[in-house]
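The residues making up each chain are set out below.
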Amino acid sequence: MGANHSREDLELSDSDSESESEYGSDSKTRQDEEEDEDNYSDARTTPSSIDRKHPETPSSLDDVEAKLKALKLKYSNTTTNNNNNNNNPTPKNAVKLYVHVGGNSQNSKWVVADKLTVYSFVKSGNANDSDDDENEGNEENQGNGESAWWVLKIGSRVRVKIDENMQMKAFKEQKRVDFVANGVWALKFFGEEEYKRFIDTYQNCLFENTYGFEANDENRVKVYGKDFMGWAKPEAADDSMWEDAGDSFGKSPEKETPLRVNHDLREEFEEAAKGGAIQSLALGALDNSFLISDSGIQVVRNYTHGISGKGVCVNFDKERSSVANSTPRKALLLRAETNMLLMSPVTDLKPHSRGLHQFDIETGKVVSEWKFEKDGTDITMRDITNDSKGAQMDPSGSTFLGLDDNRLCRWDMRDRNGMVQNLVDESTPVLNWTQGHQFSRGTNFQCFATTGDGSIVVGSLDGKIRLYSSSSMRQAKTAFPGLGSPITHVDVTYDGKWILGTTDTYLILICTLFIDKNGSTKTGFAGRMGNRISAPRLLKLNPLDSHMAGANKFRSAQFSWVTENGKQERHLVATVGKFSVIWNFQQVKDGSHGCYQNQVGLKSCYCYKIVPRDDSIVESRFMHDKYAVSDSPEAPLVVATPMKVSSFSISSRRLQI
């Protein structure tokens, strides 16, 4: 099964007949066969779209404009009776409302839900209440005081709280916005000024609902800080770092990072899980990778076209360890991938763990149960990771990093004299806290990752992303402000120049490069960026795909995997429900890309490919770069569901669509 990628930003029909409002008419032409398919187009989650032609947006809007003018004339007599001003042919805030029907079937289409209706922004304490005050921006309607929020009402059909769950997407040239609200809707405006007024008001309401402050310059400074005003006003931000990095990326030597065009995903292997449902995936950079279930570990072999089972499944020794009675949430390879650390939560309701199990892969046994302790007191950890991106391949590695809500530290499995602890005599040896800091105030750390040189990026519940150098965990060199959503997962490129944060509804891509006062280019891990900070970019699903994904959230977005200086990551992948979503990294960085034209606010990229599965996806990750072959620009993608694992190869050969 290949990946879906079809266009969603099509013109809406202005026909009065619902049967003529079909989405994706056969009269649309297919995209040029010679177009570079590595420049991913907007995606719809329609598995059958692999076998259909891909329509594209018409280049001319003359016909649409003529129809819009005809609509204004048509409703002039009706609306004049409802307006004292005869020069205004339509009511205030008039729009045409569409709804998308048919789901992901071949009969999916846009139909007219209301030929002429009005919208309003209402301050309300409950998105489902019966407040009928429809005065746009009416500050007198304060709902329940501090708990009040802004709601978008459209006639009697739509009432929705304004937040990121709406997945609002704007099309300036079409004077249209699409969004999710118990379905997928589209608003068509009758004029450019009306469209602009809606967008401005929506952005202000979104800011207030997100941060609890009125949207003005003073409050934006409170939220972002003076150094990050480019995040609040991205149209005025300096994008030069994005462009410079993009240029250098494209000029990478081919012998180190082959760049090819016309890429497609092709499924290579599919293996059924053995020994229970897959809980997590531990990819190896050497010979093997590992599927972790609640009862054991399945060993699979790494190939240039993916991973395939060796028929080996090691069951946890119930007599030796309590790991068999808990579900491992995190698996970490170390010591040249001959050992694995398994961390299980204290309970199913809390992500924290009091210790971990050390699994010897060569013998197939749990050799020790380690305990987290500081100053003689038991403590917990939320997450663990390797000292650096390539540390799992170090045969002598005995240290790793730990993270808890207010702790960032390095653990050592050797005793304080530098000797490996005697696991025979100590049933529960204690890990040594060798470096780190316990913060006195609530940092609410959630996730972290390391660069090639051991620098650390940490994501927090408040959305902040902090950068720590490899030499200090006490003070962050740079702290990026939050955008209102918790960071649930974070990754960083090997060179530390790019950070990818995951939230429930979008991904945030941050450039850490800046030029210091001496004219040198550095990353935010090495120095304080000051006010020389580029605005981030967001990666989102279009409203149709978001609705098809259901109530599922983005999880575990990651870069492709390199561990060598001079090589560049080429793709980003995240999971949401039954979908693996892939972005072309170079395209996301390209400021001239079509997604970014005429956008308001932070630049958002909607160009991706989707790999649909039949079950919820546990994890999606690219294999190590060493498994990229000569006819492929990227190592295989591995997608694990509870009962099977699939491998996809990105090939230069086209699929027959």
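About the thresholds
Residues numbered from 1 in each chain as written. Predicted model: local features only at pLDDT ≥ 70, side-chain atom pairs only at ≥ 80, totals over all residues. Heavy atoms only, no water. pLDDT = per-residue confidence, 0-100. Contact = heavy atoms within 4.5 Å. Pairing = 2+ DSSP bridges. Helix = DSSP H or I, 4+ residues; strand = E, 2+ residues; numbered from the N terminus. Axes fitted to C-alpha atoms, helices over the stretch in contact; angles between N-to-C directions. Expected span 1.5 Å × (residues − 1). Buried < 20%, exposed > 50% of the residue type's maximum accessible area, 1.4 Å probe, protein only. Salt bridge = Lys/Arg side-chain N within 4 Å of Asp/Glu carboxyl O.

## So, the confidence of the model for the protein chain
Step number 1: In this model, the protein chain carries an average pLDDT of 79, and 74% of its residues clear a pLDDT of 70 or more.
Step number 2: Contacts from residues 15-62, a stretch scored under 50 in pLDDT, to residues over four places away or in other chains number 143 contacts.
Step number 3: Counting contacts from residues 127-145, a segment whose pLDDT is below 50, to residues more than four positions away or on other chains yields 42 contacts.

## Here's the deal with the sheet that holds strand 27 (residues 489-492)
Step number 1: If you trace the 5 strands from one edge of the open sheet to the other, you get 27-28-29-32-36, paired in mixed fashion. At either margin of the open sheet sits one strand with a lone partner, and together these are strand 27 and strand 36 (604-605).
Step number 2: Across 2 bridges, strand 32 (residues 537-539) lies against strand 36 in parallel orientation. Bridging from a neighbouring strand, L539 pairs with C605 of strand 36.

## Brief notes about the sheet that holds strand 33 (residues 554-559)
Step number 1: Pairing within the open sheet is antiparallel, and its 4 strands lie in the order 33-34-35-37. Edge positions in the open sheet fall to strand 33 and strand 37 (609-612), since each of these has one partner strand only. Averaged over all adjacent pairs, the angle separating strand axes in this sheet is 20°, with direction ignored.
Step number 2: Looking at chain direction, strand 34 (residues 571-576) and strand 35 (residues 579-584) are connected through 6 bridges and run antiparallel.

## Observations concerning helix 3 (residues 192-211)
Step number 1: Spanning 20 residues, helix 3 covers 29 Å between terminal C-alpha atoms, matching the ideal 28 Å at 1.5 Å per step.
Step number 2: Within helix 3, the full set of buried residues consists of Y195, F198, I199, T201, Y202, C205, L206, F207 and E208.
Step number 3: Tucked into the core, helix 3 has its buried residues touching strand 2 (109-124), strand 3 (149-154), strand 5 (169-171), strand 6 (176-180), strand 7 (184-189) and helix 4 (217-224).
Step number 4: The first or second residue beyond helix 3 is G212, which carries a positive phi of 80°.

## What about the environment of E235?
Step number 1: With respect to the helices, strands and loops of the structure, E235 is situated in the loop between helix 5 (229-232) and helix 6 (240-250).
Step number 2: Sequence separation between E235 and V600 is 365 residues, and the spatial gap between their C-alpha atoms is 7.9 Å.

## Let's talk about the pattern of salt bridges
Step number 1: Taken as a whole and assessed by the stated rule, the structure comprises 21 salt bridges.
Step number 2: Among the salt bridges present, the one from D405 reaches R382, with a minimum N-O distance of 3.1 Å. Pair noted here: D405 is in the loop between strand 20 (399-404) and strand 21 (407-412) and R382 is in the loop between strand 18 (377-378) and strand 19 (383-385), with a separation of 23 residues, a long-range link.
Step number 3: Here the residues in one salt-bridge network are D217, R220 and K233, joined through shared partners.

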